[in-house]
Amino acid sequence: MSKKSLIGWLCVIFLICPVDTWAAESEAKQVVVMIVPGLSFHEAGWFLEQDDSSIWDKAAMGAMNIRPDGPYSYLNNMMTLSLGVRTVGVKGWNSYQLGESFQEMDVAQWMSQVGWRTAGGNLFHPYYPQLKKKNTAVTTGLLGQMLEDAGVERRVFGHSDTTVEQLRYGSLLIMNQQGEGEGSLLEAVRANPQAPSGVEMNPSFLMEQLAEAKDRRQLSVIEWGDLHRLYEQKPFIEEQLFADKRQQQLQRLSSFLQELNESGYAEEIWLLAPMMNEDAYREKQQLAPVFYWGEKKGEMLTSATTKQPYLVSSLDVIPTLLDSFGLSSGEVHLTGEIIRQERSDGGNISKAVDEMVLIYKSRANVLSTYISFLVIALITAGGFSFITEGSKQMYRKLIRLLLLSMLWSPFWFLALARLTPYTGVWGFIILLIISSITCGYLVDQTRIPIFWTGLVTFLLLTCDVALGSPFMQRSYLGYDPIIGARYYGMGNEFAGVYLIVALMVLMPLLSYPRKWLALTGAGVLAIVVILVLGKSTLGTNAGATLSAMITFAFLLSRLCQSRLSAGRFAIMTLAVLVGGVLLLFILQLTGERTHIGSAFERLLQGDVRFIIDLIQRKLAMNFKLFKHSNWTQLLVTSYLLGAIVLWRKRRQLKRADMQLFMQAGVVASFSLLLFNDSGVVAAATSMFCVVSSYYFWLVKSAKEPEAGKDNSFL
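Residues numbered from 1 in each chain as written. Predicted model: local features only at pLDDT ≥ 70, side-chain atom pairs only at ≥ 80, totals over all residues. Heavy atoms only, no water.

On a plain count of helices and strands, the protein comes out with 24 helices and 14 strands. The proportion of buried residues among the 714 residues of the protein is 57%. Put simply, of all contacts in the protein between residues at least 6 apart along the chain, 75% involve residues at least 24 apart. A total accessible area of about 31,100 Å² is found for the protein, and carbon and sulfur atoms account for 60% of it. (Helix = DSSP H or I, 4+ residues; strand = E, 2+ residues; numbered from the N terminus. Buried < 20%, exposed > 50% of the residue type's maximum accessible area, 1.4 Å probe, protein only. Contact = heavy atoms within 4.5 Å. Areas by Shrake-Rupley, 256 points an atom, 1.4 Å probe, with all protein chains shown as cover.)

Turning our eyes to something else, we now look at the pairing of strand S10 (residues 268-272). A large share of S10 lies buried, amounting to five of its five residues. Along S10, one buried face is formed by Glu 268, Trp 270 and Leu 272 and the opposite face, lined by Ile 269 and Leu 271, is buried too. As paired elements, strand S1 (residues 29-35) and S10 share five bridges and run parallel to each other. Considered in S10, the bridge of Val 33 is made with Trp 270. One ladder, built from four bridges, connects S10 with strand S11 (residues 287-293); its direction is antiparallel. Counted as the bridge partner of Trp 270 is Tyr 292 from S11. (Pairing = 2+ DSSP bridges.)

Here we take up the packing of helix H13 (residues 393-415) against helix H24 (residues 679-701). Two numbers describe a pair of packed helices, the interaxial angle and the distance between the axes. Interhelical geometry of H13 versus H24 gives an angle of 160° and a closest axis separation of 9 Å. When the axis of H13 is compared with that of H24, the two are roughly antiparallel. Along this stretch, H13 crosses H24, giving a crossing that reads as left-handed. Of H24, the residues touching H13 (which contributes Arg 396, Ile 399, Arg 400, Leu 403, Leu 404, Met 406 and Leu 407) are Phe 688, Cys 689, Ser 692, Ser 693, Tyr 695, Phe 696, Val 699 and Lys 700. Tallied by class, residues from the contact of H13 with H24 come to 10 nonpolar, two polar and three charged. (Axes fitted to C-alpha atoms, helices over the stretch in contact; angles between N-to-C directions. Parallel < 35°, antiparallel > 145°, perpendicular 65-115°, else oblique. Left-handed = near helix turned anticlockwise from the far one by under 90°. Nonpolar A, V, L, I, M, F, W, Y, C, P; charged D, E, K, R; others polar.)

The next thing to look at is the packing of helix H12 (residues 349-384) against H24. The contact between H12 and H24 brings their axes to 10 Å, and the two run at 30°. As H12 runs across H24, the sense of the crossing is left-handed. Touching Leu 374, Leu 378, Ala 381, Gly 382 and Phe 384 of H12 are Phe 688, Val 691, Ser 692, Tyr 695 and Val 699, all from H24.

With a phi close to 60°, Ser 197 is a non-glycine residue in the positive phi region. Residue class for Ser 197 comes out buried when judged on its relative accessible area of 18%. Its identity is not glycine, yet Lys 307 carries a phi of approximately 55°, on the positive side. For Lys 307, a relative accessible area of 24% corresponds to the partly exposed category.

Moving on, we get to the environment of Leu 641. As for its placement among the helices and strands, Leu 641 is situated in helix H22 (residues 631-647). Relative accessible area serves as the criterion here: at 10%, Leu 641 is assigned to the buried category. Sequence separation of Leu 641 and Ile 379 is 262 residues, and the distance between their C-alpha atoms is 7.8 Å. Not counting residues within four places of it along the chain, the set of residues in contact with Leu 641 comprises Leu 378, Ile 379, Val 691 and Tyr 695.

Overall, the coordinates contain 18 salt bridges when judged by the stated rule. Between Arg 190 and Glu 200 there is a salt bridge; the shortest N-O distance is 3.0 Å. In this pair, Arg 190 is assigned in strand S7 (residues 189-191) and Glu 200 in strand S8 (residues 199-201), connecting sequence segments 10 residues apart. By relative accessible area, which is 10% here, Glu 200 ends up buried. In this structure, Asp 444 engages Arg 400 in a salt bridge whose closest nitrogen and oxygen atoms are separated by 3.2 Å. Of this pair, Asp 444 sits in helix H14 (residues 420-444) while Arg 400 sits in helix H13, placing them 44 residues apart in sequence. A single burial state applies to Asp 444 and to Arg 400, both of which are buried. Connected through shared salt-bridge partners, Glu 100, Asp 161 and Arg 168 make up one network. (Salt bridge = Lys/Arg side-chain N within 4 Å of Asp/Glu carboxyl O.)

Moving on: the environment of Gln 659. Tracing the sequence through the fold places Gln 659 in helix H23 (residues 656-675). Residues Gln 659 and Tyr 694, 35 residues apart in the sequence, show an inter-C-alpha distance of 9.1 Å.

The biggest cluster of nonpolar side chains holds 104 residues, and the ones touching the most others in it are Phe 413, Met 490, Val 529, Phe 552, Leu 555, Trp 631 and Leu 634. In terms of residue count, the dominant contributor to this core is H24 (16 residues). Discounting chain neighbours no more than four positions away, the residues touching Val 529 are Phe 458, Tyr 498, Leu 499, Ala 502, Ala 548 and Phe 552. If you look at the next biggest cluster of nonpolar residues, it comprises 101 residues, including Met 146, Leu 147, Leu 219 and Val 290. (Core = buried A, V, L, I, M, F, W, Y, C linked by side-chain atoms within 4.5 Å.)

On to the side chain of Lys 29. The residue Lys 29 is located in strand S1 in this model. Looking at Lys 29, its side chain comes within polar contact range of the main-chain oxygen of Ser 324, at 2.5 Å. Apart from the residues lying within four places of it in its own chain, the contact partners of Lys 29 are Arg 216, Arg 217, Gln 218, Glu 267, Glu 268, Ser 324 and Phe 325. (Polar contact = N/O pair within 3.5 Å; in protein donor to acceptor, adjacent residues only side chain to side chain.)

Here strand S2 (residues 60-65) lies mainly inside the structure; six of its six residues are buried. Neither face of S2 is exposed, since Ala 60, Gly 62 and Met 64 on one face and Met 61, Ala 63 and Asn 65 on the opposite face are all buried. Direction of pairing for S2 relative to strand S13 (residues 311-313): parallel, over a ladder of three bridges. Its bridge partner lying in S13, Met 64 is registered against Val 312.

Structure (structure tokens):
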């Protein structure tokens, strides 16, 4: 070989080796997920306000909805977090390490006896077949399997065992589709007679294991059970001593996180609480803290699942961890979205969580009182309509004021929403009553009170949705982030109101002699309402969008003076539904992916079973709401009173525009009942608005029998 050739080969080797080394190093990445059962925002507040460590200033923070399909529990919540869908656990579920006993037998031997292979790791899950059987709609062990296929190692450390029971749920995040996993459950915990249950986490062992993995691609899950063990013993500990022990445990956790963060062993660190402690749960503090340390520092966490500052879902954990290693779910559909960091809006996470908890704690009492009042008021107005001919003018004014005040209440539920943390619950209620009565009195002095009520409410709802629903997110009539049924868009309570106030806005045009003007106005308003309700960046309420299409199609056909037999109405409804589904699909093509867009994706992939399951869940939810919700009272009352109005021909008003309003409102309410996932709620609020408006006109017509050509009843 010539000298030049030798030099050339040496150059090639010199150039290739660093590239290969760099490529190998670039693939090395360790992500650490710390699972801390018992951690709540009480403890998070101590970290942020009292801990001297600087680690918390570097963290991105958020609040996680951890609601499972059944009751809150560490197992159910962890199952939901690890499977990416709301579900419940399997009784008896646990992880066992090689050498441990299960049912008085060596666990490996027991697993081999029941036909499960034992060569895929040193962890065993005897109840894995039951878990697969219970969750047929989801791929059990999806995260661990995808990481394994991509060459990412997975290990779990520690447990939450107490003297009473074994709790080893961290392996749910790392096991593959055969229920296999690697870990050191026992070695990561050391004996300490003074610690709760006589054991505590072993930070030195954990740091050694994480140091060994720093040059590998590995997901390391640490189940830090010390706080849970302490809270298990709380009933037996004096209050002051418990406070001291709690602070010691929090300082140990903080010190370990500080050491891990400074070591550089992990590129990303997550601190998650799958279940808060009993004290926080009883106080309705049912959002769990989540902290993240990565490249960026001190920002807030959010996701496309919630589209709210500081708020994420436990369903987001799997897609986020996959993304950490540059992986995607491929053809497997995941309900959650990737958790991302955003620049803080200047707010405070503790303040945001306190606002959410305040609404959640008082929501049931406020709404049950409000609904009961609406029911009583409607019955009073309905009874008064029987005797209104001979009643005194003062009584008629009081009933009109009562009805208008009720119609103004949704507006003030929304407009005052952000004041609740400052006024308190009772202050909010007092302001709501005063504001509703005042507005009711003022518009009653105008010629068209129903129009003005509808217009102002319509504009507020439209503006709020256009701005990202900042008021609806904190309204008692909005959606609750702790319940987690909806996080963004137009909620079902206000969706029912929105459709009817849109019809109120049209009332002056419905009585106008030139029908083309009414047709034009109805067409323009229909486009606005459908866009607001259905657009992916606005209302994202599929059921309300379809209901709006049916309602306005009915209204336009009546304005065209078309006679609709039962058959024609059914054909028109079917045609509108088909067109509505296509339009809904088009409205999801721009902006972030929403729950509606996800459903269309599944449908286009041929996943008909998902759509069937979705419909079944919606029907089951409506049936459950009808049986147990307070809204059923308002729904039944409104429908009964509406039926009485329709049946008592001699009491009905003769004006065609009012008749059309009533008919379109009934169509809207029935459509919402059929097509919304919480149709009972949307149908109740919509029918309440229809009946209240109609009774207002009935009461007012008593003193002006020749009002057929006068607009003063609007």
